[in-house]
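# Descriptive analysis of the structure
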Amino acid sequence: MKLVKDCVKILDDNWRGSFTIPSSRLYPFQWNWDSGFIAIGNQYYNPERAIQELETLFSAQWSNGFLPHIIFHEEEKYNSYFPSADYWDSFSAKYSPSLIKTSGITQPPITGFVLEELWLNNIDVTRIKTLVEKNLKYHKYLFNNREFKDTGLIQIWHNWESGMDNSIWWDSVLSSIPGEQIEQIELNRKDIHEVEDSKRTRPKDIDYKRYLYLVNELRKNQYNKINDDYPFQIIDPVFNSIFIQSNKSLIKLGKIFDIDVSFYEKKLSDIKSNFNKILWENELELYFPFDIQNQQLIKKECSGSYVPIFSGEIENEKVMSLVKNLFQYNDYYKVPSCDPREESFESINYWRGPVWININWLIWKGLLKYGLLNEAELLREETINLVLDKGFFEYFDPLKNSNSHKGYGGANFSWTAALVLDMLKVKNNELG
Ligand code: 9WN
């Protein structure tokens, strides 16, 4: 099947000997949640690469358990990405590894779930066990350093930690950073030279200055704590849904491997009882992020509002409301990262409108968990067709009547290929 061959070729081309880059030139290093999605695709035709991807990721784990979002593997490429390895300056942080440079923030913790998938697929048990132990240590770090009060819920400290960088969800918080704090920040952006039409498809300079302001603040504290007035303290439903599922997977695997997981079981029951209380909005019947500094939900409809289905831990009634909402419109491809009815919607600007394959995949997996097979199939078909029509890009214009003949951002994008492989596998039950 040609589509399968294309997916496999992209994963082959982006393989760098022990890990996979998301897309050449634009993202020349290893990214945390990308590696999880990539391993999902690789487990079928190249299981050795799937496990190695995670082993390489965890080789850059900090001694306190923290797992960074970028691992800067190839020194000669340090300056081809901004902010560069030197900008992050991880070597000056107490717990960072001393041989490999990393960023100082994390990303949605998908690897626990991925390990369960690899285990189900009979990939080397001893190696999986070692990774489960490391992954549990990472979750312990999150509970010990990022838990919001005693809710079990984890806070993120940077919009890059959400993986949905310039989502309209973060606008209010980011724009609260005073202008004089960011005036002096210098940019040396590389991304804008690597994609077409970057003015309309990538974040603006002023956004980048705010992102860097947050990095600078975190770096002062060795990425390990925040000051009381730090503006970005968010409970993100996407991060936490993925975290719930990964905790469930690690608890299951931990028991199989005779590891004491009682700490995580207690914490998981805390998150489960607080997730809906804090993040569900009754009138709009959607999930939203909670802004801790301003003590309020950020009530804007984004694709992330649906990702909690992936956790498998929400009541059927709520799932049905979400599904009703999700399938009510047919004039755009599912699932736009920002609802086209929102004032800030921009059809081709990164996380402010475009469809992203990883978010579709998470929602699709969630629909399957609830036995919503017709809806899951609609979403699966539409996602695969979008890639077939517009190529293996990073993101896609959701408007069906637009002039977009191809996708946007990075081309030959690894997680697009990997997750399409997974979606094909479930349907065909074979890859040939
Ligand atoms: C910053 C690698 C990453 C993804 C993120 C996506 C984008 C980076 C950037 O690319 O973010 O981490 O430079 O824009 O938003 O989800 O992990 O593919």
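Read on for an overview of the structure. The structure displayed is predicted, hence computed values, not measured ones.

## Brief notes about the state of the cysteines
Inspection of the entire model under this criterion finds zero disulfides. Lacking any disulfide linkage, Cys338 is separated from the closest cysteine sulfur, that of Cys302, by 5.2 Å.

## Structural notes on the packing of aromatic side chains
Note on aromatic pairs: each is described by the distance of the centres and the angle between the planes. This structure, assessed with the given rule, holds 37 aromatic pairs. Aromatic pair Tyr350 and Trp356: ring centres 5.6 Å apart, planes at 70°, arrangement edge-to-face. You can call Trp356 buried: its relative accessible area is 2%. Ring centres of Trp356 and Trp415 lie 6.1 Å apart, and the angle between their planes is 55°; this geometry places the pair in the tilted category. Of this pair, Trp356 sits in the loop between α15 (316–326) and α16 (357–369) while Trp415 sits in helix α18 (residues 414–428); the two residues are 59 residues apart in sequence, bridging distant segments of the chain. Accessibility assignment for this pair places Trp356 and Trp415 in one class, buried. Here the guanidinium or amino end of Lys140 rests over the ring plane of Phe263, the centre of that ring lying 4.8 Å away. Seen from the ring of Phe310, Lys369 lies directly overhead, with NZ or CZ sitting 4.2 Å from the centre.

## Some details on unusual backbone geometry
With an omega of 0°, the peptide bond between Phe82 and Pro83 qualifies as cis. With respect to the secondary-structure elements, Pro83 resides in the loop between β2 (70–72) and α4 (85–88). The linkage connecting Lys334 with the following residue, Val335, adopts the cis geometry, with an omega of -5°. Considering the arrangement of structural elements, one finds Val335 in the loop between α15 and α16. In this structure, Asp197 is a non-glycine residue whose phi angle is positive, near 55°. Looking at the element boundaries, Asp197 is found in the loop between α10 (191–194) and α11 (198–201). Look at Asp197 and you get partly exposed, because its relative accessible area is 36%.

## Some remarks on the site of the ligand
Taken together, 17 residues are adjacent to the ligand, and Asp34, Tyr81, Gly163, Asp165 and Tyr350 come closest. Between the ligand and Asp34, the relevant distance is 2.6 Å, taken from an oxygen atom to a side-chain nitrogen or oxygen of the residue. Backbone polar atom of Gly163 to an oxygen atom of the ligand: 2.7 Å apart, as the coordinates give it. When the ligand sits alone it has 410 Å² of accessible area, and the protein chains cover 100% of it. In this structure the site holding the ligand corresponds to the largest cavity. For the shell around the ligand, the class distribution of residues is 11 nonpolar, three polar and three charged.

Reading the values: the criteria
Residues numbered from 1 in each chain as written. Predicted model: local features only at pLDDT ≥ 70, side-chain atom pairs only at ≥ 80, totals over all residues. Heavy atoms only, no water. Disulfide = S-S within 2.5 Å. Phe/Tyr/Trp six-rings, centres within 6.5 Å; stacked < 30°, edge-to-face > 60°. Buried < 20%, exposed > 50% of the residue type's maximum accessible area, 1.4 Å probe, protein only. Helix = DSSP H or I, 4+ residues; strand = E, 2+ residues; numbered from the N terminus. Lys NZ or Arg CZ within 6 Å of the ring centre and 35° of its normal. Near = heavy atom within 4 Å. Polar contact = N/O pair within 3.5 Å; in protein donor to acceptor, adjacent residues only side chain to side chain. Areas by Shrake-Rupley, 256 points an atom, 1.4 Å probe, with all protein chains shown as cover. 1 Å grid on protein atoms, 1.4 Å probe; cavity = no way out; pocket = protein on both sides within 12 Å on 5 of 7 lines; lining within 4 Å. Sits in = over half its atoms within 2 Å of the grid points. Nonpolar A, V, L, I, M, F, W, Y, C, P; charged D, E, K, R; others polar.

Such coordinate-based values are descriptive only and should not be taken to indicate function.
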